[in-house]
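A look at the structure
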Amino acid sequence: MTDHFLLMALFAFFVSLVFAVLMRDDVREQVRLGSMMFGAFIAAALVLGWIMLPFPL
Amino acid sequence: MILGWMASKSSTAERARAGAEPGVLAAICAAAWLVPGAGHLWLGRRQKGLVFLLALPAMFLIGLALDGRIFPFEFSEPLVGLAAVADLGIGLPWFFAHMLEAGAGVVTSATYEYGNTFLIVCGLLNFLVILDAFDIAMGRK
């Protein structure tokens with residue numbers, strides 16, 4: 001598996017999962033925080049990827 | 001219901017007090033380091049413990065499968081040394097990987113850096129998990 005986006009999404013999933021479980025005690029809050037983190041990871045990667053598109057100039 | 005809730009709270013507090021003894025505290029931290037999630041399981045936080053027990057070793061295995069490298073303790077190159085410390089954070093899986101001579105790393109692989117990231121981050125996350133178990137054992141959480 002060499003799909004960079006999938007690997008990044010997999011990484012984002014695991015990190016979001018562990019952080020959400022660490023930081024919240026209630027399952028619903030864990031799901032909420034984990035989803036938000038995962039979404040933020042993906043969004044940040046897409047935005048940064050888009051910004052870096054012209055490089056190398 | 002209130003009595004039941006109070007009983008469960010007090011049993012958690014009792015576990016925390018027992019954990020606050022230095023020897024037990026050290027044992028909890030050592031267990032949490034060696035087996036990710038073991039500290040939480042020991043302290044009765046079953047859901048959290050199971051998630052850590054499954055997620056962190058899975059990240060380590062994915063890192064190895066992606067041709068990541070388990071870095072050697074070479075502090076002449078600080079980043080390599082620090083990466084080695086981070087790798088060691090995962091505990092027993094690190095020792096198993098060494099015994100099986102896994103984690104040599106394939107620099108030419110397209111997924112080499114991804115593998116390294118998985119290996120390093122799972123170790124660092126386990127350090128956070130150990131600190132969380134420590135806080136629970138001290139009765140702070």
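Heads up: the structure comes first, above all this text.
This is a predicted model, so every value here is computed, not measured. (Residues numbered from 1 in each chain as written. Chains lettered and ligands numbered in written order. Predicted model: local features only at pLDDT ≥ 70, side-chain atom pairs only at ≥ 80, totals over all residues. Heavy atoms only, no water.)

**Focus on the overall build of chain B**
Our working definition: Working definition: helices are DSSP H or I runs of at least four residues, strands are E runs of at least two. Numbering for both runs from the N terminus. Burial here depends on accessible area, computed with a 1.4 Å probe over protein chains only, as a share of the maximum for the residue type. Under 20% is buried, over 50% is exposed, and the range in between is partly exposed. In this description, contact between two residues means that some pair of their heavy atoms is separated by no more than 4.5 Å. For the area figures, the Shrake-Rupley method with a 1.4 Å probe applies, and any residue is considered shielded solely by the protein chains shown.
Along its length, chain B carries 7 helices and 0 strands. Going from N to C terminus, chain B has its helices and strands arranged as α-α-α-α-α-α-α. Taken over 141 residues, chain B has a buried fraction of 41%. Sequence-distant contacts in chain B: of pairs separated by 6 or more residues, those separated by 24 or more amount to 68%. For chain B, the accessible surface area stands at approximately 7,400 Å², while carbon and sulfur atoms represent 71% of it.

**Here we look at helix 2 (residues 22-34) of chain B**
Residues and elements named next belong to chain B. Stated formally: What a helix is expected to span follows from its residue count: subtract one and scale by 1.5 Å. Within this analysis, the arc is defined by the directions that extend from the helix axis to the C-beta atoms.
Along its 13 residues, helix 2 runs 18 Å from first to last C-alpha, staying within 8% of the 18 Å computed at 1.5 Å per residue. Looking only at helix 2, the buried set comprises Leu 25, Ile 28, Ala 31 and Ala 32. Take helix 2 and look down its axis: the buried residues cluster within an arc of 130°, on one side only. Residues Pro 22 and Gly 23 are exposed on helix 2 and point more than 90 degrees away from its buried face.

**A short note on the packing of aromatic side chains**
All names here are of chain B. To be explicit about the condition: Each pair of aromatic rings taken from Phe, Tyr and Trp, with Trp reduced to its six-membered ring, is defined by centres within 6.5 Å and is described as stacked if the planes are under 30 degrees apart, edge-to-face if over 60, and tilted in the remaining cases.
For the structure shown, the criterion picks out 6 aromatic pairs over all chains. Measuring from centroid to centroid gives 6.2 Å for Phe 73 and Trp 94, while their planes differ by 65°, and the two rings are edge-to-face. Taken together, the residues span a long stretch of sequence, with Phe 73 in the loop between helix 4 (46-65) and helix 5 (78-88) and Trp 94 in helix 6 (residues 92-99) at a distance of 21 residues. Given the relative accessible area of 9%, Trp 94 is considered buried. Centre to centre, the rings of Trp 94 and Phe 95 are 5.0 Å apart; their planes meet at 85°, and the pair counts as edge-to-face. Residue Phe 95 is classed as partly exposed on the basis of its relative accessible area, which comes to 34%. One aromatic cluster is present, built from ring pairs that chain together Trp 33, Phe 73, Phe 75, Trp 94 and Phe 95.

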